[in-house]
Structure formats: C-alpha cells, structure tokens
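This is what each chain is made of:
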Amino acid sequence: MTLPAFDYVILGAGPAGMAAALTAREHGVKVLVLDEQSQPGGQIYRNIETLKTTRPQEFQKLGQEYQSASQLVENFRQCGVEHWFERSIWQISKDLSIYHVNPEGEHDSSVPSLVQAKHLLIAVGAMERPMPLPGWTLPGVMACTAADVLYKTSGLVPEGKVVLAGSGPLMLLIACRMLDAGVRISAILDTGNKTSTLESLPLLPKALRTPSYLFKGASMIWKLRKAGIKMVSGVQTVEALGTQKLEQVRFRKGSMTETLGADLLLLHHGVVPNVQITRLLGCEHQWYEQQRYWEPKVDEWGNTSVKGVSIAGDCGRVAGSKVAELSGHLAAFDMLYQMKVITQKDRDQKSKHLFEQRNSHLAVRPFLDKLFQPSKNWLVPQDDSTLVCRCEEVTVRQIRDAVKKGALSPDRVKSLIRCGMGPCQGRVCGLNVTEIIADESGLPPETLGYFKIRPPLRPITLGLLAQLH
Amino acid sequence: MFRKLSEDRIKVRISFEGEEFFVDTDQSVASALLAEGHQVFRSSVINNQPRGAFCMMGVCFDCLLEINGRPNQQACMVPVKENMVIKRQISSGNNPS
Ligand SMILES: Cc1cc2nc3c(=O)[nH]c(=O)nc-3n(C[C@H](O)[C@H](O)[C@H](O)COP(=O)(O)OP(=O)(O)OC[C@H]3O[C@@H](n4cnc5c(N)ncnc54)[C@H](O)[C@@H]3O)c2cc1C
Ligand code: FES
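Here's a quick rundown of the structure.

Conventions used here
Numbers given to residues run from 1 along each chain, matching the order in which its sequence is written. As they are written, the chains are lettered A onward and the ligands numbered 1 onward, keeping that order. Local features are withheld for residues below a pLDDT of 70 in this predicted model, meaning they are given only at 70 or higher, and side-chain atom pairs are given and counted only at 80 or more; totals for whole chains, interfaces and linings count all residues. Computation of side-chain values covers all heavy atoms of the structure but excludes hydrogens and water. Only DSSP runs of H or I with at least four residues qualify as helices, and only runs of E with at least two residues qualify as strands; both kinds are numbered from the N terminus onward. Only C-alpha atoms enter the radius of gyration, while the globule expectation follows 2.2 Å times N to the 0.38, with N the number of residues. In this scheme, a residue with accessible area under 20% of its type's maximum is buried, one over 50% is exposed, and one in between is partly exposed, where area comes from a 1.4 Å probe on protein chains only. Contact criterion: two residues are considered in contact whenever any of their non-hydrogen atoms come within 4.5 Å of each other. Computed with the Shrake-Rupley method and a 1.4 Å probe, the accessible areas treat only the protein chains shown as cover for residues. Charge counting follows a simple rule: Lys and Arg are positive, Asp and Glu are negative, and His as well as the terminal groups are ignored. Positions of charges follow a simple convention, taking NZ of Lys, CZ of Arg, CG of Asp or CD of Glu. In this scheme, strands are said to pair when DSSP sees at least two bridges between them. With axes taken as lines fitted to C-alpha atoms, and helix axes fitted only over the stretch in contact, angles between N-to-C directions fall between 0 and 180 degrees. Residues are counted as near a molecule or strand when any one of their heavy atoms sits within 4 Å of it. Side-chain atoms alone can form a polar contact between residues adjacent in sequence; in general such a contact is a pair of N or O atoms within 3.5 Å, and within protein one must be able to donate a hydrogen while the other accepts it. Each Phe, Tyr or Trp ring, with Trp reduced to its six-membered ring, pairs with another whose centre is within 6.5 Å; inter-plane angles below 30 degrees give stacked pairs, above 60 give edge-to-face pairs, and intermediate values give tilted ones. Only when the NZ atom of a Lys or the CZ atom of an Arg is both within 6 Å of the ring centre and within 35 degrees of the ring normal do we say a charge sits over the ring. Any Lys or Arg side-chain nitrogen located within 4 Å of an Asp or Glu carboxyl oxygen qualifies as a salt bridge. Defined in terms of a 1.4 Å probe, buried area is the accessible area two parts forfeit on being brought together, summed over both. Any residue outside Ala, Val, Leu, Ile, Met, Phe, Trp, Tyr, Cys, Pro, Asp, Glu, Lys and Arg is labelled polar, Gly included; the first ten of those are nonpolar and the last four are charged.

**Comments concerning the overall build of chain A**
Helices and strands together make up the secondary structure of chain A, namely 18 helices and 22 strands. Since a compact globule built from 469 residues should have a radius of gyration of about 23 Å, the 22 Å found for chain A is in line with a globular shape. Along the first, second and third principal axes, the C-alpha atoms of chain A reach 65 × 50 × 45 Å. Taking all 469 residues of chain A together, the buried fraction comes to 58%. Sequence-distant contacts in chain A: of pairs separated by 6 or more residues, those separated by 24 or more amount to 67%. Taken as a whole, chain A presents about 18,700 Å² of accessible surface, with 53% of it coming from carbon and sulfur. Counting 54 positive and 46 negative side-chain charges, chain A places the averaged centre of each group 3 Å from the other.

Here is the structure:
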C-alpha cells in the first residue's frame with residue numbers, strides 16, 4: 001500500500017509549528033500540519049481566529065501580542081500548507097508513518113487515516129507541571145491553564161470564591177487576565193521558595209539584556225497587589241477539602257494555618273515539555289536539573305537523536321512563544337538543507353539573524369528558571385497519602401513502598417503497582433514518580449530513566465489497534 | 001464555578017444525564033457542562049471518587065464521559081454537537097483493569 005506522503009509533517013500548529021510551516025512553504029516543500037485543536041494558534045493563541053471575529057472585545061483585551069499573532073495565523077492559512085485539525089496522534093512508526101484519529105478516537109473519511117513523512121517536526125508544546133496535593137482530584141480543583149483555556153475558547157470565567165496556588169509567571173499572567181475579565185480572586189497562595197530568589201540574583205545582569213520580560217513580570221505583580229487581592233507568600237502546604245467537590249482550601253505558612261472557603265482552586269507549578277511523542281519515537285532525552293524535567297537531546301537546529309525527526313518550541317526546553325517561533329523557522333531551514341532544497345551556505349545565511357534574536361530572548365531564561373525553580377516540597381508531596389497517579393489512584397506511600405521493594409525506576413514501579421498505567425500513560429504522574437523514587441532511594445533522577453511509552457498514545461477502538469499488527 | 005461573559009446566538013441541543021440544555025456551539029463538551037454548573041463527570045476506577053475536568057487540554061484523561069453510547073470520550077477535546085447524549089462514566093470501584 002502506498003501512503004499519502006509529505007516532505008515535511010509538522011505535529012502542532014502553535015507558534016513553533018506555524019513558523020516552520022511558513023519557512024518550508026516559502027521553499028516549495030510539501031507540508032502537512034496536524035493538530036488536536038480545531039484551529040491554529042497552539043496553547044498561547046488558542047482559538048484566536050474565532051475570538052477575533054466573535055468576541056472582538058476580549059480579543060483586544062488579550063493585548064498587542066495577540067494581535068500580531070493573528071497575522072502569523074493568517075499567513076499560515078495562506079501559505080499553501082495542508083492542515084488537518086482535530087487530529088490526535090496515537091502512533092508513529094519507525095518509518096515515520098503517522099496514525100491519527102479525531103477527538104472521538106475514530107477515523108472519519110474526511111482525511112486519509114495514515115500518512116508518511118520524509119521529515120518530521122514535533123512541535124507539540126508544553127503542559128503544566130502537575131502539583132499533587134491532598135484533595136487535588138476533587139471536582140473544583142483544576143490546573144491554572146485550564147481556566148485560561150475556558151476563557152479563550154468559550155468566554156467562561158471563574159465565579160464564586162476563587163483561590164490560586166503555586167508559582168510562576170504564567171500564573172501571574174492568568175490571574176491578571178481574570179482581573180481584566182472582572183473576576184474576583186479571593187487569594188493567591190505563592191508556593192515559590194526564597195532560596196531560589198537569592199540564588200537567581202547572580203543571573204540577573206544577563207537577564208537584563210531583555211528587560212521587557214522582567215518589566216512585564218513586575219507590572220503583573222504590581223497590578224495584582226493594587227487590586228487588593230490577598231497574596232500570601234512562602235506557603236508551605238496546601239490542601240483541598242470537600243467530599244463531593246471542593247469546599248475549602250487549607251494552607252500553612254510557618255506555624256500559621258488558615259482555611260479559606262473555595263469554589264475553585266487553580267494550581268500552577270510552571271510548565272514542562274510534552275515528551276510523550278519524542279519518547280514514543282525513542283529519541284534520547286536528558287535531565288534538565290534547573291527545572292527538574294526531561295527534555296529531548298537536540299542540536300542547535302532542533303534535530304533529535306532519531307534521523308529525520310526534529311523538534312521546535314516548548315516540547316524541548318521551555319522558553320516561551322517567541323523562542324518557539326524562532327526555533328520553528330530554524331528547524332525548517334535545517335530540514336531544507338538536509339533535503340537539499342537549499343545549500344549549507346544559504347541555510348547559515350538565512351538563519352544568522354534568527355539565532356541572534358533567539359539568543360536575546362533566551363538571555364532571561366537562566367534567571368527565570370532559577371527564580372521559579374520547583375521546590376522539593378512540591379515535587380515530593382510531604383503528605384504520604386497524597387494521590388500521585390490520578391488514573392490508577394496510587395499514593396506517595398505506595399510508591400515509596402515499591403521503591404523499598406527494589407523498584408528503582410518508573411517502569412519498575414509501574415509494573416509493581418500500576419502507577420502510570422492508566423489512560424494518561426504517566427503524563428501526569430511521571431515527573432513526580434521520578435522525584436519520589438529519587439528521594440526514597442537517594443539516587444539522582446537522571447539515572448532512573450522514565451516510563452516506556454508505547455502506542456496507542458490515547459484510547460482508541462480495538463478495531464483501530466488491530467491495524468498495528 | 002464558572003460564568004459566561006457573553007452568549008452566542010447559535011445554540012445546539014445536548015442532554016446530560018437526561019436533562020436537556022441549549023449550549024453555545026464552538027466549544028468542547030467539558031466547557032459546555034461546566035458552563036451549566038456540572039462539575040462531576042465520572043467516578044474514579046479504583047475508589048469510586050468523583051472526578052471532573054482538570055487540565056482542559058487533553059493531558060489528564062480525568063474528563064472521560066460516555067457520549068452517544070461510547071465510553072471513554074475526552075470531554076475537553078470533543079466538540080459539542082446537536083443531539084449529543086452525554087452520561088457520567090460511573091465505575092463500580094475496585095476495578096483495576
Ligand atoms: C495550557 C497552556 C496555556 C498557555 N498559555 C500561555 C499564554 O497565555 N501566554 C504565554 O506566554 N504562554 C502560554 N503558555 C506557554 C506556551 O507553552 C508557550 O507560550 C507557547 O504556546 C509555546 O508554543 P509551541 O508552538 O511550542 O507550542 P504550543 O503553543 O503548545 O502548540 C502545540 C500544539 O500542538 C498540539 N498538540 C499537542 N499534542 C498533540 C498530539 N498528540 N497530536 C496533535 N496535536 C498535538 C496542541 O494542540 C497545540 O496546538 C501556555 C502553556 C500551556 C500548557
Ligand atoms: S480535562 Fe484533562 S484530558 Fe480532559
């Protein structure tokens with residue numbers, strides 16, 4: 001059977017994927033972009049086309065950045081790229097055949113169900129770092145970016161007693177957006193640690209090369225304070241309380257414990273790369289100590305250890321939308337060179353200013369990565385009864401017990417107590433499982449490995465699964 | 001838990017647990033249910049505890065529902081469509097498979 005083939009298949013239509021598509025199309029290459037969402041934009045510019053036409057007021061409120069992104073999306077639509085939306089990837093084989101389904105987990109006849117790539121770009125972005133704490137599975141407790149998704153896609157904003165807990169610039173950004181939309185936030189519980197603040201100071205001078213990031217951060221904090229929101233720093237524990245749904249949030253700071261009534265608790269602990277697909281493909285990964293996550297090992301163009309597979313954007317080292325966009329262009333230039341569409345000299349010439357711009361955006365990162373370094377308190381939940389694996393309902397204590405029995409890797413823990421075996425395939429618990437094994441065994445996380453990721457990446461029908469064999 | 005900033009003019013009819021709603025198009029099943037005040041989507045497979053949408057971006061699989069008779073549908077990813085029949089996914093508990 002001959003499959004429909006494309007020179008360049010891009011997974012993800014966020015800033016990274018769109019930029020790569022534009023550069024590839026400018027050179028006449030046949031490009032296909034697949035994305036789970038219903039339109040281009042990625043996480044940051046989710047639903048941007050619909051927002052602009054149906055909710056122009058809110059589109060304006062999202063700021064200048066959003067308005068210029070609207071041009072990027074328009075260029076993407078017009079560049080002659082083939083794009084299939086509402087397509088979720090569930091398997092990619094070694095020869096780069098890509099299997100995908102619609103959101104219902106089915107094939108439909110609108111597009112071919114299997115395509116082949118000569119070169120594959122993975123630009124699937126990041127996800128929020130899970131923040132397991134007692135009661136975090138109660139309805140009414142959500143990821144902070146979930147509220148942002150609801151706002152951007154459906155114009156839904158939190159109502160009632162809203163509490164935010166965690167740390168990181170994205171939490172501040174989302175809190176500010178809520179303020180602008182008229183939401184009353186009851187409290188922001190800042191779980192960031194003071195040591196990181198001190199340790200980040202030596203990195204500040206380099207960060208000042210791009211002062212706009214720091215200015216933006218400072219003005220967000222100022223805005224939230226001015227609005228009179230209760231902001232508590234140095235929070236050491238947070239618990240979500242309730243029976244059928246969230247009713248209260250209890251937190252501790254030093255010797256002080258306080259309980260707040262709450263209808264919605266939004267958690268944020270920074271973002272980490274989504275490595276499910278690079279893991280599936282067997283790309284080499286490395287441990288990034290500063291932010292304590294796994295990232296694919298890549299060269300300056302984003303090429304992974306697997307031939308014909310590169311990455312761009314926040315599914316590698318997390319660095320935000322501007323860097324994602326620049327990395328998308330760079331990855332595409334190198335693909336064009338590898339495919340002999342342009343010469344090495346051409347590639348280098350066209351990329352020079354892109355590298356310069358990327359370096360200037362990256363200057364602030366070491367400072368931010370240190371300042372918002374996740375602290376151990378939150379990586380290894382202190383309360384042993386906390387659920388870590390939400391799918392299979394496995395607690396910290398069970399993981400520690402498995403380690404005591406000799407399970408010294410996430411995969412061994414999984415085979416012993418099913419942790420990471422549910423439908424999310426360890427997307428949620430993976431990093432915490434690693435941290436708990438490291439804590440219990442005294443071994444460094446980078447020596448422990450990770451879950452082996454196998455197809456299907458999402459639940460599909462048995463009929464479809466049979467295709468694989 | 002959530003409120004809508006503005007209403008769309010075009011609506012689709014869906015039902016959740018037998019109750020009918022007219023909801024905006026262009027949104028996921030999860031956001032339609034949250035806008036109607038429904039937070040509990042399923043019960044957990046081992047301990048039978050209430051669960052609802054958590055990440056809203058297809059990562060956590062906590063939003064699984066039964067849609068038009070098919071179980072394990074990701075409510076945050078599936079767009080609402082006219083006449084969808086949506087049910088909670090209730091587990092019998094202690095079911096490790
Ligand atoms: C929920 C969320 C909200 C964010 N909001 C903001 C914000 O408002 N402002 C900000 O500055 N930063 C935000 N960020 C940070 C964000 O990571 C970057 O700013 C930026 O979006 C990264 O661009 P990217 O192109 O690398 O990836 P993304 O923009 O994340 O794009 C990746 C795309 O890949 C698609 N995808 C993922 N997995 C699959 C799959 N298996 N199959 C098919 N398609 C898939 C996704 O649907 C998405 O469209 C957010 C991050 C998250 C996780
Ligand atoms: S809410 Fe997380 S997958 Fe739907």
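Resuming the write-up.
**Some thoughts on the overall build of chain B**
Within chain B, the secondary structure is distributed over 1 helix and 8 strands. Accessible surface, chain B: about 4,200 Å² in total, of which carbon and sulfur atoms supply 47%. Charge centroids of chain B, computed over 11 positive and 11 negative side chains, lie 4 Å from each other.

**A word on the sheet that holds strand β14 (residues 248-253) of chain A**
Residues and elements named next belong to chain A. Read across the sheet, 3 strands follow the order β13-β14-β15 without closing on themselves; strand pairing throughout is antiparallel. The two strands at the open ends of the sheet, each matched to only one other strand, are β13 (237-241) and β15 (256-261). Pairs of neighbouring strands in the sheet enclose a mean axial angle of 15 degrees, with direction left out of account. Sheet topology note: the β14/β15 ladder contains 6 bridges and is antiparallel. Of the residues in β15, the one forming a bridge with Phe251 is Glu258.

**Structural notes on the site of ligand 1**
Lining the immediate environment of ligand 1, one finds 31 residues, of which Ala16(A), Asp35(A), Gln43(A), Arg177(A) and Asp314(A) sit closest. Proximal residues around ligand 1 fall on chains A and B, making this an inter-chain site. In the model, an oxygen atom of ligand 1 is placed 3.2 Å from a nitrogen or oxygen of the Pro15(A) main chain. Contact distances for ligand 1 include 3.1 Å between a nitrogen atom and a backbone N or O atom of Glu36(A). Broken down by secondary-structure element, the contributors of at least two residues to the shell around ligand 1 are α1 (15-26), β4 (88-92), β7 (126-128), α5 (144-154), α6 (169-180) and α11 (320-338) of chain A.

**A closer look at the packing of aromatic side chains**
The geometry of an aromatic ring pair comes down to the distance between the two centres and the angle between the two planes. Residues and elements named next belong to chain A. If you walk through the whole model with that rule in mind, you get 9 aromatic pairs over all chains. One aromatic cluster in this structure is built from Tyr45, Phe59 and Tyr66. The ring of Tyr337 is capped by Arg347, whose NZ or CZ atom sits 4.7 Å from the centre of that ring. A cation over an aromatic ring shows up here: Arg390 above the ring of Trp136, its NZ or CZ 4.6 Å from the ring centre.

**Section: the side chain of Arg358(A)**
Residue and element names in this part refer to chain A. When you line up the elements, Arg358 lands in helix α12 (residues 344-362). Buried within the structure, Arg358 lacks any salt-bridge partner; its nearest side chain of opposite charge belongs to Glu300, at an N-O separation of 6.0 Å. Residues contacting Arg358, with those up to four places away along its chain left out, are Glu300, Val323, Leu326, Ser327 and Leu330.

**Regarding the pattern of salt bridges**
Enumeration over the complete set of coordinates arrives at 31 salt bridges over all chains. Where Arg400(A) meets Glu440(A), a salt bridge forms, and the shortest distance between an N and an O atom there is 2.8 Å. Of this pair, Arg400(A) sits in helix α15 (residues 396-404) while Glu440(A) sits in helix α17 (residues 430-441), placing them 40 residues apart in sequence. What makes Arg400(A) buried here is its relative accessible area of 14%. Judged by its relative accessible area of 27%, Glu440(A) falls in the partly exposed class. In this structure, Arg42(B) and Asp62(B) form a salt bridge, with 2.4 Å as the shortest nitrogen-oxygen distance. Linking Arg42(B) in strand β4 (residues 42-43) with Asp62(B) in the loop between β5 (50-51) and β6 (64-67), this pair joins segments that are 20 residues apart in sequence.

**What to know about the interface of chain B and chain A**
Contacts between the two partners involve 39 residues from chain B and, on the opposite side, 52 residues from chain A. With both sides pooled, the region where chain B packs onto chain A buries about 4,000 Å², and carbon together with sulfur makes up 57% of that total. Ranking the residues of chain B by area buried against chain A places Phe2(B), Arg3(B) and Phe54(B) at the top, with a combined share of 19%. Our count for the contact surface shared by chain B and chain A stands at 3 salt bridges. Where Glu106(A) meets Arg70(B), a salt bridge forms, and the shortest distance between an N and an O atom there is 2.3 Å. Counting every contact that joins chain B to chain A gives 17 residue pairs in polar contact (both at pLDDT 80 or more). Of all the secondary-structure elements, those providing two or more residues to the side of chain B that touches chain A are β1 (2-4), α1 (29-35), β5 and β7 (70-74) of chain B. Residues belonging to the side of chain B that touches chain A are distributed by class as follows: 23 nonpolar, 9 polar and 7 charged. Where strand β9 (residues 156-158) of chain A meets β1(B), 3 bridges bridge the pair, whose relative direction is antiparallel. Looking at β1(B), one finds that Leu156(A) is bridged to Lys4(B).

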